[in-house]
Amino acid sequence: MDATQPAKSQCDNACLHCGTTLEQKSGPGRIRQFCNGDHGKAYRRQMRALGFPI
Ligand SMILES: [Zn+2]
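Residues numbered from 1 in each chain as written. Predicted model: local features only at pLDDT ≥ 70, side-chain atom pairs only at ≥ 80, totals over all residues.

### Description of the overall build of the protein
- Per the secondary structure count, the protein includes 1 helix and 0 strands.
- Taken over the C-alpha trace, the protein has a radius of gyration of 13 Å; the compact-globule value for 54 residues is 10 Å, which it surpasses by more than 25%.
- Expressed as a percentage of its 54 residues, the buried residues of the protein come to 2%.
- Considering only intrachain contacts with a sequence separation of at least 6, the fraction spanning at least 24 residues in the protein is 10%. (Helix = DSSP H or I, 4+ residues; strand = E, 2+ residues; numbered from the N terminus. Rg over C-alpha atoms; globule rule 2.2 N^0.38 Å. Buried ≥ 20, exposed ≤ 12 C-beta atoms within 10 Å, placed from the backbone. Contact = placed C-beta atoms within 7 Å.)

### Some details on the environment of Gln33
- With respect to the helices and strands, the residue Gln33 is situated in the segment before α1 (37-49).
- The class for Gln33 is partly exposed, based on 15 C-beta atoms found within 10 Å.

### Here we look at α1
- With 13 residues, α1 should reach 18 Å at 1.5 Å per residue; the first-to-last C-alpha distance of 18 Å fits that figure.
- Two residues or fewer past α1, Gly51 is found with a positive phi of approximately 100 degrees. (Expected span 1.5 Å × (residues − 1).)

### Section: the environment of Ser26
- Turning to its location among the elements, Ser26 is positioned in the segment before α1.
- For the pair Ser26 and Gly51, spaced 25 residues apart in sequence, the C-alpha to C-alpha distance is 34 Å.
- Beyond its immediate stretch of four places on either side in the chain, Ser26 contacts Pro6, Lys8 and Ser9.

Structure (structure tokens):
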């Protein structure tokens, strides 16, 4: 981890729903966790179905 760079740009998350590697944009905003909003919705619906309070 390079402390001179923003942590966000070094985060190499994959989509939590389908596993696609996501490219993080530098700048303000949250770390991307899903490749699109539908995958975010699908993921949260699935987690709720499994009983997680998400
Ligand atoms: Zn996805």
